[in-house]
Amino acid sequence: MQTPRHSAIVRVTHWLTVIAFLALLVTGLELVISHPRFYWGETGNVNMRPLFSLPLPTSRDTINNGYGSSMPDQNGWSRYLHFESAWVLVLTGAFYGIISLLNGHFRRDLVPEPGQRTLRAHFQRIAQYLRRKPPSTDESSTYNVLQRSSYILVIFVLFPFVILTGLALSPSFNSAFPFFVDVLGGRQSARTLHFFVTWALVIFLVVHVAMIALSGFWTRTRAMITGRVAAIPTEERP
Amino acid sequence: MTISRRKLITSGLAAAAVGVTGLAAADRIARRHGLIPPDCGGVFGPGETLTYAAQRLITRHSLAREFPRSKISEKPFANALAPPNDTFKKLQAGGFADWRLVVDGMVNHPLSLSLADLHQMPTHSQITEVVCEEGWSYVAEWIGTPLYNVLNETGLHPETRYIVYRTIEPNLWGSIDMADAFHPQTLLTQGMNNGDLPVGFGGPLRLRLPRQLGYKSLKFVTQITATDSMKKFGKGLGSVDPEYGYSWYAGI
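Throughout what follows, the structure given in this document is the object of discussion. Values in this document were obtained by computation on a predicted structure and should not be read as measured data.

Definitions and limits used
- Sequence order as written defines the numbering, with residues in each chain counted from 1.
- Note on labels: chains are lettered from A, ligands numbered from 1, in written order.
- pLDDT decides what is reported in this predicted model: residues at 70 or higher carry local features, side-chain atom pairs at 80 or more are listed and counted, and totals for whole chains, interfaces and linings draw on all residues regardless.
- Strands are runs of DSSP state E lasting at least two residues, helices are runs of H or I lasting at least four, and both sets are numbered from the N terminus onward.
- Counts of 20 or more other C-beta atoms within 10 Å of a residue's own C-beta define buried residues, counts of 12 or fewer define exposed ones, and intermediate counts define partly exposed ones; C-beta atoms are placed from the backbone.
- Note that contacts rest on C-beta atoms placed from the backbone: two residues are in contact if these are within 7 Å.
- A set of buried residues drawn from Ala, Val, Leu, Ile, Met, Phe, Trp, Tyr and Cys, joined through C-beta atoms within 7 Å, is what defines a nonpolar core.
- For this scheme, ten residues count as nonpolar: Ala, Val, Leu, Ile, Met, Phe, Trp, Tyr, Cys and Pro. Four count as charged, namely Asp, Glu, Lys and Arg, and the remainder, Gly too, count as polar.
- Strands qualify as paired when DSSP identifies two bridges or more between them.
- Simply put, an axis is a line fit to the C-alpha atoms, just over the touching stretch for a helix, and the angle between two N-to-C directions goes from 0 to 180 degrees.
- As used here, the arc belongs to the directions running from the helix axis to the C-beta atoms.
- Oblique is the label for any angle not under 35 degrees, not over 145, and not in the 65 to 115 range, which are roughly parallel, roughly antiparallel and roughly perpendicular in turn.
- It is the rotation of the near helix from the far one that decides the hand of a crossing: anticlockwise by less than a right angle makes it left-handed, clockwise makes it right-handed.

### A short note on the overall build of chain B
Logical step 1: Within chain B, the secondary structure is distributed over six helices and ten strands.
Logical step 2: Summarising its shape, the C-alpha atoms of chain B cover approximately 80 × 40 × 30 Å along the three principal directions.
Logical step 3: The 252 residues of chain B split such that 40% are buried.
Logical step 4: If you take every contact in chain B between residues at least 6 apart in sequence, the share linking residues at least 24 apart comes to 65%.

Given below as C-alpha cells:
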C-alpha cells in the first residue's frame, strides 16, 4: 500500500537545500584552509593570538603552522560558489517558510503534538530508539517528537544563525546593518561562530542520514523523491 | 487529481513564456539602474548579480563601521609584496617626489597630480577595518583625500559609469562603480596611523574602499580613468580579479 508522505514543496525545497548546503560546506572548508586560525573579537591576524588553530595544510603562505602551504589556492571559484549557493539556500528557505506558515505544514507536521511537548516524551522516544523497538505504524506517515524538535531546531535556529553569522562577514552588509556583527562580538567572533554552527549542522546531517539508513535507506529516500512510501517492509525494520 | 498531458504541456509553455518575458524585463530594468556587475556571465553570474544588485539597492549610501582610536590594531598585518619593479625603485629613491596620479578618460580636464598636489586637497581620516578574503583583519587609521575631490576637479562626463584605477604594476588594476567612486569613505590614502603610509601597506598611494574586501584596495595607485563601459579594459570583466577567478564586486 502506498501512503502520501511528503508534499511536493517539502521534497523540492529539501533537495535544493541538500545541494546548496553541500556546496556551501565544501567551499566553506576550502576557504578555511586559506586561514585555518580562529579568533574572538573584532580583529585577528597572524600577528595576534588565535582562539584556536586547526592543524591543516594551508593554501596560503601567510600561515606558518608547520604543515606547509601545500594546498592549491581554490578561493576564487569557492567564493563565487559559496555565495551563489547561499542565495539558493536563502531563497529556498524563504519560499519554504512562507508556504509552510500559510498551508499549516509547520503547525501540523513540525510542532510536537499537544501531549508530546515534554522532555519526558523526548526521552521516551530516545529510549525506544535505544531498545531498537520498531516504530509505530503512524510513524510512516508522520514525524515523531524527536524528529519534530530536531527539524524545528535546524529550521528556526541553526539555519537562521548560520545565515546571520555569514552575513556578518560581509563588509558591505555590515556597513548598512552594523547591529548584527556588533551583537555577535565583532567580525572575528562572527567568523568563529559561523564555523561552529556549520559543525552543528554537519552533526545534524550525519545523525539524520544515519537514522534514515537504520530505518530503511531506499524506502525513506524514495519517499523524499516520489512523495509516497510503501509501508516499511519488515526486513528493513531496525 | 489527474491533469491531461495536453493541459500540462500548454500550462508549462505558458509558465515558461511568462518566465522568459519576466527575466528579460528584469534584465532591462536592472541594466538601466546599474545593478548588473561586469562579471555577470558564466555559471556564477546569477549569484554574483543577485549579490551586487541587492547591495546596490540596500547599501548604496551606507557607511563602513568606524572604530574608536583604542581599537587600532597594535600589529597590523601586511601581505608579503612581490619585489618592486624598476619604475617603483626609481621613484622610491627620489622620495616619491616624481610620483604622479594621472586622471584621464571621460573627463573635461585631464589631470596629473603629485603627492603634494593631493596633500593640498581637503583630507579626511577614518579608522576602519581591513578585511582580507582569507579571513584575517586589522583596524587602522587611514588618512587621505576622498576620491570624489579629485573627480569633482576633472569634470566627469555625465555618461561615466565606472572609475578604473591602475597601479605601478601594469597587471594590477581594478574598477568601481559610481556609488563607490563618490562614496565619502573611498580614500586616496597617503597616511596611516598618524604617519606616512608605509610601502608595505601600499604607500605612497593606496585606494582604500572599506566597504569591500582588501583585494579591492589596490596599492601603489598611479592612474584613474573614467569610462562608460568596462568592455574596453582587459577581458571586459571589470578588473583583473575575475580574470583570476575572483569576483569584481568584493563587498559580498
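### Details of the nonpolar core
Logical step 1: Grouped together as the largest cluster of nonpolar side chains are 55 residues, with contacts concentrated most on B:Ile163, B:Tyr165, B:Leu207 and B:Val221.
Logical step 2: Take this core: its biggest share by element is five residues, from helix α2 (residues 75–103) of chain A.
Logical step 3: Ranked by size, the runner-up nonpolar core spans six residues in total, among them A:Val162, A:Val181, A:Ala190 and A:Leu193.

### Description of the interface of chain B and chain A
Logical step 1: If you look at the interface, chain B gives 37 residues, while chain A gives 29 residues.
Logical step 2: Elements represented by at least two residues in the side of chain B that touches chain A include exactly α2 (45–58), β3 (124–131) and β4 (137–146) of chain B.
Logical step 3: Along the lines of polarity and charge, the residues of the side of chain B that touches chain A split into 16 nonpolar, 13 polar and eight charged.

### Structural notes on the sheet that holds strand β1 (residues 100–105) of chain B
Residue and element names in this part refer to chain B.
Logical step 1: In space, the five strands of this open sheet follow the order β2-β1-β10-β5-β6, with mixed pairing throughout. Both outer strands of the open sheet, β2 (111–114) and β6 (173–177), are each paired with one neighbouring strand and no more. Sheet twist, expressed as the average angle between the axes of neighbouring strands with direction ignored, equals 20 degrees.
Logical step 2: Here strand β5 (residues 162–167) pairs with β6 via five bridges, running antiparallel.

### Here's the deal with helix α5 (residues 147–154) of chain B
Residues and elements named next belong to chain B.
Logical step 1: Residues Leu-147, Val-150 and Leu-151 constitute the buried set of α5. All buried residues of α5 fall inside an arc of 95 degrees around its axis, so they share one side.
Logical step 2: Along its buried surface, α5 packs onto β1, β4, α6 (178–181), β7 (187–192), β9 (206–208) and β10 (221–227).
Logical step 3: Gly-155, located one to two residues past α5, shows a positive phi value of around 70 degrees.

### A few points about the environment of A:Ser70
All names here are of chain A.
Logical step 1: Within the secondary structure, Ser-70 sits in the loop between β3 (52–53) and α2.
Logical step 2: On the basis of neighbour counts, which here come to 8 C-beta atoms within 10 Å, the residue Ser-70 falls in the exposed class.
Logical step 3: Measuring from C-alpha to C-alpha, the distance between Ser-70 and Ser-59 comes to 6.2 Å, with eleven residues separating the pair along the chain.

### Looking at the pairing of β7(B)
Here is the key point about a regular strand: its side chains alternate between the two faces of the sheet.
Residues and elements named next belong to chain B.
Logical step 1: By the criterion of burial, β7 is predominantly enclosed, with five of the six residues buried.
Logical step 2: Alignment of β4 against β7, held across five bridges, turns out to be antiparallel. Residue pairing in the sheet places Ile-143 in a bridge with Gly-191 of β7.
Logical step 3: Here three bridges tie β7 to β9, and the two strands are oriented antiparallel to one another. The residue bridging Leu-188 from the neighbouring strand is Leu-207, located in β9.
Logical step 4: Pairing between β7 and strand β8 (residues 195–196): two bridges, direction antiparallel. Bridge pairing in β8 places Met-192 opposite Gly-195.

### Thoughts on the packing of helix α5 (residues 145–167) of chain A against helix α8 (residues 187–214) of chain A
Helix packing geometry: the angle between the two helix axes and the distance between the axes.
Residues and elements named next belong to chain A.
Logical step 1: Closest axis-to-axis distance for the α5/α8 pair is 9 Å, and the angle between their directions is 150 degrees. The angle between the axes of α5 and α8 places the two elements in the roughly antiparallel class. Considering how the two elements wind past one another, α5 and α8 form a crossing that is left-handed. Residues Ser-150, Val-154, Leu-158, Phe-161, Val-162, Thr-165 and Gly-166 of α5 form the contact with α8, whose participating residues are Ala-190, Leu-193, His-194, Val-197, Thr-198, Ala-200, Leu-201 and Phe-204.
Logical step 2: A class-by-class count of the residues in the contact of α5 with α8 yields ten nonpolar, five polar and no charged.

### Concerning the environment of B:Thr222
Residue and element names in this part refer to chain B.
Logical step 1: Tracing the backbone through its elements, the reader meets Thr-222 in strand β10.
Logical step 2: Separated by 146 residues in the primary sequence, Thr-222 and Pro-76 place their C-alpha atoms 24 Å from one another.
Logical step 3: Discounting chain neighbours no more than four positions away, the residues touching Thr-222 are Arg-100, Leu-101, Val-102, Arg-166, Thr-167 and Ile-168.

### Topic: the pairing of β4(B)
Residue and element names in this part refer to chain B.
Logical step 1: Where burial is concerned, most of β4 is hidden: eight out of the ten residues are buried.
Logical step 2: Of the strand pairs in this sheet, β3 and β4 are connected by eight bridges, and their pairing is antiparallel. Among the inter-strand pairings, Glu-129 is bridged to a residue of β4, identified as Val-139.
Logical step 3: If you look at the hairpin formed by β3 and β4, you'll find five residues sitting between the two strands, and Gly-135 has a positive phi there, around 130 degrees.

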